[in-house]
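# Structural overview for review
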Amino acid sequence: MAEAGTVLIAVRDSVLADSLRFSLELEGYQAKLCEPPVERLADVELRTCLLLDQEVFSTLMGRGDTGILTRFGLPTVLMVNQRTQRLMDHANAAGVTAVVEKPLLGGVLFEAIRSALDGDAG
């Protein structure tokens, strides 16, 4: 299977991070755990996206830097517990490419990542 792209995983829960890494690799992605602080992302390859959980995102937004994700220049997929208008406003201001709601049923996460990498997420 050809490599589908690289996904940088930034989540606080190590069990979830390992599970995501395993699942993404089964789908053909190169998955890398991105240790906080996320602000220290190094140079990344083409076809890379950032996968954040709500807790990491909230920490970033708590610092008052709403444009931090746009500076990375990476499409970003945010996993949330529940979509609220406030959360969506923060996600849009921060430059989040796609928001997926947990539980991650079916292929919703893979589809969001694929769309983000292809540049057509909304």
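One can find the structure itself at the top, above this paragraph.
As a starting point, this report considers the structure included with it. (Residues numbered from 1 in each chain as written. Predicted model: local features only at pLDDT ≥ 70, side-chain atom pairs only at ≥ 80, totals over all residues. Heavy atoms only, no water.)

### Considerations on the packing of helix α2 (residues 54-62) against helix α4 (residues 85-94)
Contact pair α2 / α4: the axes reach a minimum separation of 11 Å and the direction vectors enclose 70°. As the angle between them shows, α2 and α4 are arranged roughly perpendicular. The interaxial crossing formed by α2 with α4 has left-handed handedness. Contact with α2, carried on its side by Q54, F57 and M61, involves L87, H90, A91 and A94 of α4 and no other residues of that element. Class assignment for the residues of the contact of α2 with α4 results in 5 nonpolar, 2 polar and no charged. (Axes fitted to C-alpha atoms, helices over the stretch in contact; angles between N-to-C directions. Helix = DSSP H or I, 4+ residues; strand = E, 2+ residues; numbered from the N terminus. Parallel < 35°, antiparallel > 145°, perpendicular 65-115°, else oblique. Left-handed = near helix turned anticlockwise from the far one by under 90°. Contact = heavy atoms within 4.5 Å. Nonpolar A, V, L, I, M, F, W, Y, C, P; charged D, E, K, R; others polar.)

### Some words on unusual backbone geometry
Along the chain, K102 connects to P103 via a cis peptide bond; the corresponding omega equals 5°. By the element assignment, P103 lies in the loop between β5 (98-101) and α5 (108-118).

### Overview of the pattern of salt bridges
Per the counting criterion, the structure on display carries 3 salt bridges. For E25, the salt bridge goes to R21, with nearest N and O atoms at 3.0 Å. Placement of both E25 and R21 in helix α1 (residues 14-26) is noted, with a separation of 4 residues, approximately one turn of the helix. Judged by its relative accessible area of 37%, E25 falls in the partly exposed class. Using a relative accessible area of 27% as the deciding quantity, one classes R21 as partly exposed. The closest approach of N and O atoms between D118 and R47, which form a salt bridge, is 3.2 Å. (Salt bridge = Lys/Arg side-chain N within 4 Å of Asp/Glu carboxyl O. Buried < 20%, exposed > 50% of the residue type's maximum accessible area, 1.4 Å probe, protein only.)

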